[in-house]
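So the chains spell out like this:
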Amino acid sequence: KMARDALTEHWPAPVLAANQKEIEQCYSWMQDVKKGDAYTVSWHPAAGFALALNDQPVGGWQNPEAAQIILSIWLGQASVAESQRDALLQQWRASLAGKRS
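Report follows, based on the coordinates. Note that the coordinates shown come from a computational prediction; the quantities given were computed from them, not determined experimentally.

**Comments concerning the packing of helix α3 (residues 20-29) against helix α4 (residues 64-75)**
Axis separation between α3 and α4 bottoms out at 9 Å; the angle between their running directions is 45°. By the criterion of interaxial angle, the relationship of α3 to α4 is oblique. Our pair here, α3 against α4, has a crossing hand that is right-handed. Together, E22, I23, C26 and Y27 of α3 and A66, I69, I70 and I73 of α4 make up the contact between the two elements. When its residues are assigned to classes, the contact of α3 with α4 shows seven nonpolar, no polar and one charged.

**Here we look at the pattern of salt bridges**
All chains considered together, the criterion is met by two salt bridges. The partner of K34 in a salt bridge is D37, with the nearest N and O atoms 3.8 Å apart. For K34, a relative accessible area of 59% gives the class exposed. Since its relative accessible area comes to 22%, D37 is described here as partly exposed.

Rules used in this analysis
- Residues numbered from 1 in each chain as written.
- Predicted model: local features only at pLDDT ≥ 70, side-chain atom pairs only at ≥ 80, totals over all residues.
- Heavy atoms only, no water.
- Axes fitted to C-alpha atoms, helices over the stretch in contact; angles between N-to-C directions.
- Helix = DSSP H or I, 4+ residues; strand = E, 2+ residues; numbered from the N terminus.
- Parallel < 35°, antiparallel > 145°, perpendicular 65-115°, else oblique.
- Left-handed = near helix turned anticlockwise from the far one by under 90°.
- Contact = heavy atoms within 4.5 Å.
- Nonpolar A, V, L, I, M, F, W, Y, C, P; charged D, E, K, R; others polar.
- Salt bridge = Lys/Arg side-chain N within 4 Å of Asp/Glu carboxyl O.
- Buried < 20%, exposed > 50% of the residue type's maximum accessible area, 1.4 Å probe, protein only.

Encoded structure:
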């Protein structure tokens, strides 16, 4: 519910409507999680958007605009929790720095 509300608040209705199929698909892929479970979301221009739970693929698509909308829940303008977003970005930056060493 929070994610849907955040998307509605931060994205124009026509943009959401044009990507509704993918947004609803992504919501349908979300499962209840227990302690220790981890979702992974990714986007790569050649591979598209992918969602995995505990390293097991759950679904994906090629629509870059829909990927941008969904990823904004964690990393962008529709971020549900800014502190969570900032922590994710800090971990990502640290992982990139480690790869360059």
